[in-house]
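Close look at the chain arrangement
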Amino acid sequence: MIEQIFFLIFAIIAVGSAVAVVSFRNPVHSVISLLVCFIQMAALFVMLRSPFLAAVQIFVYVGAVLVLFLFVIMMIDIRKASMERFVPGGHFWPVAILIVLVIEMVVIISKSKLEAVLVASPLRLDGSVKEMGEALFSKYILPFEVVSFILLVALLGAIVLGRKELK
Amino acid sequence: MSDKNRSLGRFLKKVFFVDLIQGLAITLPYTFSKTITLRYPDDEKWIPYKRFRGLHTLNKNKDGKELCVGCELCQKACPTQCITVIPGEDKTGKGISDRIGYRWEIDLLRCMYCGLCEDACPTEALKLGREYELAGFSVQRQIRTKDELLNPQEIPVDFEGGVIVKARLVTDDKGIKVKADMSVQKKWW
Amino acid sequence: MLEVLLIILKVVVITMVMFSLPLPLTYMERKVAGHIQVRLGPMRVGPHGILQPFADMIKLLFKEDVVPAKADAWLFRIAPVVSMIPVFAVFATVPFGDKFTIPFINKEVTMYIADMNVGILYVLAVAGLSVYGTILGGWASNSKYALLGGLRASAQMISYELALSFSCIGIVMVVNSLSLLDIVKSQAGWHWNIFYQPLGFIIFFIGGLAEINRIPFDLIEDEGTLGAGYHAEYSSMRFAFFMLTEYVAMVSMSVIMVLLYFGGWDGPSFIPLPGIIWFILKVVFFVYVFMWTRFTYPRYRYDQLMSIGWKILLPLSLVNILITGLVVI
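Counting from 1, residues in each chain are numbered in the order their sequence is written. Chain labels run from A onward and ligand labels from 1 onward, assigned in the order the entries are written. In keeping with the model being predicted, local features are shown solely for residues with a pLDDT of at least 70 and side-chain atom pairs are shown and tallied solely at 80 or more, while totals for entire chains, interfaces and linings include all residues. Neither water nor hydrogens contribute to the side-chain values; these are computed over all heavy atoms in the structure.

A short note on the overall build of chain B
A helix here means a DSSP run of H or I that spans at least four residues, while a strand means a run of E at least two residues long, and both kinds are numbered starting from the N terminus. Looking only at helices and strands, chain B has five helices and eight strands in total. Written out in order from the N terminus, the α and β elements of chain B read α-α-β-β-α-β-β-α-β-β-α-β-β. Note on method: radius of gyration uses C-alpha positions; expected globular size equals 2.2 Å times residues raised to 0.38. Taken over the C-alpha trace, chain B has a radius of gyration of 27 Å; the compact-globule value for 189 residues is 16 Å, which it surpasses by more than 25%. Projected onto the principal axes, the alpha-carbon positions of chain B cover approximately 95 × 35 × 35 Å. Buried residues are those whose accessible area, probed at 1.4 Å on protein chains only, stays under 20% of the maximum for their type, while exposed residues exceed 50% and partly exposed ones sit between those limits. Here chain B, with 189 residues, has 34% of them falling under the buried criterion.

Thoughts on a nonpolar patch on the surface
All names here are of chain A. On the surface, a nonpolar cluster with roughly 670 Å² of combined accessible area is contributed by Met1, Ile2, Ile5, Phe6, Ile9, Ile13 and Val36. Ranked by the residues each element gives to the nonpolar patch, the list is headed by helix H1 (residues 2-23), at five residues. Tracing the chain through its elements places Ile9 in helix H1. To count toward a patch, a residue needs a relative accessible area over 30% and no salt bridge; like charges are then connected within 9 Å, while nonpolar side chains (Val, Leu, Ile, Met, Phe, Trp, Tyr) are connected within 5 Å. What sets the accessible areas is the Shrake-Rupley method with a 1.4 Å probe; for residues, cover comes only from the shown protein chains. Salt bridge criterion: a side-chain nitrogen from Lys or Arg within 4 Å of a carboxyl oxygen from Asp or Glu.

A look at the pairing of strand S8 (residues 175-187) of chain B
Residue and element names in this part refer to chain B. When strand S7 (residues 163-172) meets S8, the two strands line up antiparallel, connected through ten bridges. Following the sheet pairing, Val170 is matched in S8 by Lys177. Adjacent in sequence and paired antiparallel, S7 and S8 are bridged by two residues. A strand pair is defined by DSSP finding two or more bridges across the two strands.

Some remarks on the confidence of the model for chain C
All names here are of chain C. Each residue carries a pLDDT score, the predictor's confidence in it, ranging from 0 to 100. Mean pLDDT over chain C stands at 85; residues scoring 70 or higher make up 98%. By mean pLDDT, strand S1 (residues 99-102) is the weakest element of chain C at 70, and helix H2 (residues 22-36) is the strongest at 90. Scored as a complex, the prediction yields pTM 0.81 and ipTM 0.80.

Description of helix H2 (residues 18-32) of chain B
The span you would expect from a helix comes to 1.5 Å times its residue count less one. An ideal rise of 1.5 Å per residue puts 21 Å on 15 residues; H2 of chain B measures up with 22 Å between its terminal C-alpha atoms. Those residues of H2 of chain B not exposed but buried are Gly23, Leu24, Thr27 and Thr31 of chain B. Along the axis of H2 of chain B, the buried residues cluster in a sector spanning 95°; they form a single face. Of the exposed residues in H2 of chain B, those oriented more than 90 degrees away from the buried face are Ile21, Ile26 and Phe32 of chain B. We call two residues contacting when some pair of their heavy atoms lies within 4.5 Å. In the core, the buried residues of H2 of chain B are packed alongside H2 and helix H13 (275-294) of chain C. Throughout, the arc means that of the directions going from the helix axis to the C-beta atoms.

Quick look at the sheet that holds strand S4 (residues 99-107) of chain B
All names here are of chain B. The strand order S3-S4-S6 describes an open sheet built from three strands, whose pairing is antiparallel. What marks the edges here is a single partner per strand, and that holds for strand S3 (83-89) and strand S6 (143-145). Here the average twist between neighbouring strands, direction ignored, is 20°. Note on method: axes are straight lines fitted to C-alpha atoms, helices fitted across the in-contact stretch only, with angles between N-to-C directions ranging 0 to 180 degrees.

Overview of the state of the cysteines
Residue and element names in this part refer to chain B. Disulfide: a pair of cysteine sulfur atoms within 2.5 Å of each other. Tallying each qualifying case throughout the model produces zero disulfides over all chains. Left unpaired, Cys78 is separated from the closest cysteine sulfur, that of Cys82, by 3.5 Å. Using a relative accessible area of 9% as the deciding quantity, one classes Cys78 as buried. Looking at the unpaired Cys111, the closest cysteine sulfur is the one in Cys82, lying at 4.5 Å.

In structure tokens:
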């Protein structure tokens, strides 16, 4: 009972702040909303008995990624940025995509079992980091390596893009 | 070889933070060393040497007669014209002759303590003493007259000076004074 | 019910202690500064200036709380609180000692609020969050010095957080656990991690100095070039909150250092002192070391700061992991 109340609180704040991310005009305020959203997600991870994921969520996303976001955004001329439109052109395409996404979401949710999320995670890791590490490096070794490879490629791509043109 | 050794030494110095540790080793003894702070108004006070030029004092001779004869030379010598002397006749034997300073005033706000008046005085009546706490609450108070200056100052004339003594802060309507207790003395450093 | 009450009580006690800690710490800092510079430090308020922190507090309480006209008022107001909450939250997992029994009701009480099995990650993650207050405060002030302070804070945080957490991995590899309680327990009886991880400790110490923005890494408030940096526009209680954060962060960094490398409440057995006393002594020692370095070294330049972080500390911490891995295997 208490758990459900907390879940609702976290979920509502998470969704609300996620909406706020796209609706704020000021980019810095958007980042702050994103921060709130990420922290709520970390709380949801804790409720799913996965403190490791929660800590990593805060560590990586809140502690590093968002700081970088802020670092970049603080350089922007806020007054100009907040006047600009998100999507150039009319309102038609964004709204159309939005409608398609909403329909997709409704379909997926109606097909899935919502109780699975609300009650408890079926895969109980009991928060043990050891189990998680073993799962990652034995059962899911291929996806793990693929993900790390993709990240490496992205890293190289970023370096190539960011490099100064050699003449 | 020696060049290589030196660069190796420099590298090792960096690795083991030798410079940083030397820095810390300097500040640590200072933490526990004696401080050089003079806790001036509350606890301690510096007694200057005899040559110090502070508040003026008018001297008397051994028989207690005023040495000032009202010659006005100090008034003439004063570069800022802060001394006012009005001579007067006196037959009561207050002074050493029948001419005394009827009025002798100094405006401390204008005085710059150059000591020229002291040099000009023919009878060694005027002397710049060792009192230096001249802050006060009124402008009127900064004009000192003869009667006040005739009183001997807190620090005895024959006291050598150059020491720190125990003191305490006294604030009254006359101004701010740091009363010195000459019995407890401390050498500078 | 009693358990819940106990937890609430512990939270209240720790929060109160942390809130009042800056008072003696500011006094200590000023005294240490004074004596290192052959001065006396505060002397006039109370005997040996012991009431000086209270005088400062009263002064800060009664000053006007200025919000600059063109500042982002809301962010400007919450920034000090944002920076303050994480440093307090760190203490949720900090074990101050093992267990003790309350004499009359015979109840065993643990000297920590929660023993998380990811304690070390939690501590590092949450301690890193307080930089948001700095960044937001710097940005919201709408002043170029404050903004530069905020920018420096964000870049510095990212550079040093990396080396800091990498140096902790060595400990996790040695101890085989992420729980702070296990880490401390594994060091009992002089098996302190400092003897097994000296390189890790050096990296952690330097990274910690940068993380809590103490000299020689306090570029975010660099008086020389930024004139107070991120809190240039702050006054009154909000400024006090930033100061409070700085001191509590200093304590938390010392506490983490003691827990990870110096055996927590483990002391030499020939001196019979309760564990908590050893713990406090060690923490005070590290706080003193932070102050000592502050008044010994000059400040690094910003490019030096970055090159130390990325070119020296980060490779060294990777080397540390490598060596530890080889030894453990």
